[in-house]
Amino acid sequence: MISYNTKDWFTFIFRFHKADTFRTLLPIMFAIGFYAALIGYAEVEYWKLAENSYVKNITIMHGMLGFVISLLLVFRTNTAYDRWWEGRKLWGSLVNNSRNFSIKLSAILEDENDKKFFRKIIPSYANVLHKHLKNEDTAKQLFEDLDLEIDHHKHKPNQVAMLMFQKINELYVAKKITGDQLIILNAEIQSFSEVCGACERIKNTPIPYSYSAFIKKFIFFYVMTLPFGYSFSLGYYVAPVVVFIFYVLASLELIAEEIEDPFGGDVNDLPTKKISENIKKHVEEIL
């Protein structure tokens, strides 16, 4: 995730980074510019169409469809940002749940070995969830002095949650915690699984294919027809104008594609690794 000063907006104009859509769209922007210039040359110089040609009236269609495409892109970007922000709220809940769980265990447990177990296992859940959402292989040795026997063919966060609950149940059987304390601690472990399930819902439910494909086709055909009508009034300047319009429309779609999956490896995705490291730090401070 990119860290920046929101008030230093003027430098954004001249700063380019690897997540900038300009670099991604540059090859196709050259192609569209050449296409627009070719259409302008054909209409004005080669065919020499008159000013009262019906082709000039195609701009009426662009004016009508421009409002439609703007509504579609606004809905697209808002939907993608809602998914990104929901993912951030879920990981914020995981931070709070880890702290609350650690605080309660710190007050309840007296045996240092029991505290040591939870000091390692609670941050392990965040780390495993981070790798689970990125589809990475989870190493058995997650932290020093903690070996987790994890079956890599099964749901990894569930296995860590199971280890936590088994330990809590052992403490209850050993009379180290009461029944009321068992219920309280069980609710904290359940909140971990609820965060995991909500993150998986975002990860595994992309924007419907038909909707995403329609927006891309709409942008393409909208931009491809622009030179036919505006060549009469803009001449060869139609090329940079069409390229700029394409850059704006396509960039909004690319940004929406990037942030709709907030758990990937893009620079604008959530810093789940950093959050999991902070959870480890805070849990160790408490326990």
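My aim in this report is to walk through the structure given alongside it, one point at a time. All values derive from a computational prediction rather than experimental measurement.

What to know about the overall build of the chain
The helix and strand inventory of the chain stands at 8 helices and 2 strands. When its helices and strands are written in sequence order, the chain yields α-α-α-β-β-α-α-α-α-α. Here the chain holds 287 residues, and the buried ones make up 41% of them. Taking contacts inside the chain between residues at least 6 apart in sequence as the whole, the part at least 24 apart equals 76%. Surface exposure of the chain reaches about 16,600 Å², of which carbon and sulfur atoms provide 61%.

Regarding the side chain of Thr-21
Its place among the elements puts Thr-21 in helix H1 (residues 21–46). Take Thr-21: its relative accessible area is 11%, and that puts it in the buried class. With residues up to four places along the chain from it excluded, the contact list for Thr-21 reads Tyr-247, Ser-251, Leu-254 and Ile-255.

Structural notes on helix H7 (residues 238–259)
For H7, with 22 residues, the first-to-last C-alpha span of 32 Å sits near the 32 Å given by 1.5 Å per residue. Of all the residues in H7, the buried ones are Val-238, Ala-239, Val-242, Val-243, Phe-246, Leu-249, Ala-250, Ser-251, Glu-253, Ala-256, Glu-258 and Ile-259. Contacts made by the buried residues of H7 are with H1, helix H2 (59–108) and helix H6 (209–234).

Considerations on the nonpolar core
Core analysis: the largest hydrophobic core is formed by 41 residues, its most contacted members being Phe-101, Phe-118, Ile-122 and Ile-168. Elements with a minimum of two residues in this core: H2, helix H3 (112–133), helix H4 (156–173), helix H5 (179–204), H7 and helix H8 (272–286). Residues within four places of Phe-101 in sequence aside, it is in contact with Phe-118, Ile-122, Met-164, Ile-168, Leu-185, Glu-188, Ile-189 and Phe-192. Core analysis: the second largest hydrophobic core is formed by 21 residues, Met-29, Val-223, Leu-226 and Val-243 among them.

Some points on the pattern of salt bridges
Taken as a whole and judged by the stated rule, the model has 13 salt bridges. A salt bridge links Asp-111 to Lys-176, with the shortest nitrogen-to-oxygen separation between them at 3.5 Å. With Asp-111 in the loop between H2 and H3 and Lys-176 in the loop between H4 and H5, the pair connects residues that are 65 residues apart, well separated along the chain. By relative accessible area, which is 30% here, Asp-111 ends up partly exposed.

So, the packing of H2 against H8
Packing of H2 against H8 leaves a shortest axis separation of 9 Å and a crossing angle of 15°. One element, H2, and the other, H8, form an angle in the roughly parallel class. Classified by chirality, the crossing of H8 by H2 is right-handed. Seen from H2, the contacting residues are Arg-88, Trp-91, Leu-94, Val-95, Ser-98, Arg-99, Ser-102, Ile-103 and Ser-106; seen from H8, they are Thr-272, Ile-275, Ser-276, Ile-279, His-282, Val-283 and Ile-286. Grouping the amino acids of the contact of H2 with H8 by side-chain chemistry returns 8 nonpolar, 6 polar and 2 charged.

Thoughts on the environment of Ile-58
The topology assignment puts Ile-58 in the loop between H1 and H2. Leave out the neighbours within four places in its chain, and Ile-58 touches Thr-225, Phe-228 and Gly-229.

Looking at a nonpolar patch on the surface
The grouping of Phe-34, Leu-38, Tyr-41, Tyr-46 and Tyr-236 at the surface amounts to a nonpolar patch, some 620 Å² of accessible area in total. Examined against the element boundaries, Tyr-46 turns out to sit in helix H1. The class of Tyr-46 is exposed, set by a relative accessible area of 60%.

Description of unusual backbone geometry
Notably, Lys-175 is not glycine yet its phi reads approximately 65°, a positive angle. With respect to the secondary-structure elements, Lys-175 resides in the loop between H4 and H5. Judged by its relative accessible area of 73%, Lys-175 falls in the exposed class.

Re the packing of aromatic side chains
As enumerated under the stated definition, the model contains 9 aromatic pairs in all. Ring geometry for Trp-84 against Trp-85: centres 6.4 Å apart, planes inclined by 20°, an arrangement best described as stacked. With 5.2 Å between their ring centres and 75° between their planes, Tyr-125 and Phe-192 make a pair best called edge-to-face. Separated by 67 residues along the polypeptide, Tyr-125 in helix H3 and Phe-192 in helix H5 bring together distant segments of the chain. Neither Tyr-125 nor Phe-192 differs from the other in exposure class; each is buried.

Cut-offs applied
- Residues numbered from 1 in each chain as written.
- Predicted model: local features only at pLDDT ≥ 70, side-chain atom pairs only at ≥ 80, totals over all residues.
- Heavy atoms only, no water.
- Helix = DSSP H or I, 4+ residues; strand = E, 2+ residues; numbered from the N terminus.
- Buried < 20%, exposed > 50% of the residue type's maximum accessible area, 1.4 Å probe, protein only.
- Contact = heavy atoms within 4.5 Å.
- Areas by Shrake-Rupley, 256 points an atom, 1.4 Å probe, with all protein chains shown as cover.
- Expected span 1.5 Å × (residues − 1).
- Core = buried A, V, L, I, M, F, W, Y, C linked by side-chain atoms within 4.5 Å.
- Salt bridge = Lys/Arg side-chain N within 4 Å of Asp/Glu carboxyl O.
- Axes fitted to C-alpha atoms, helices over the stretch in contact; angles between N-to-C directions.
- Parallel < 35°, antiparallel > 145°, perpendicular 65-115°, else oblique.
- Left-handed = near helix turned anticlockwise from the far one by under 90°.
- Nonpolar A, V, L, I, M, F, W, Y, C, P; charged D, E, K, R; others polar.
- Patch = residues over 30% accessible without salt bridge, like charges linked within 9 Å, V, L, I, M, F, W, Y side chains within 5 Å.
- Phe/Tyr/Trp six-rings, centres within 6.5 Å; stacked < 30°, edge-to-face > 60°.

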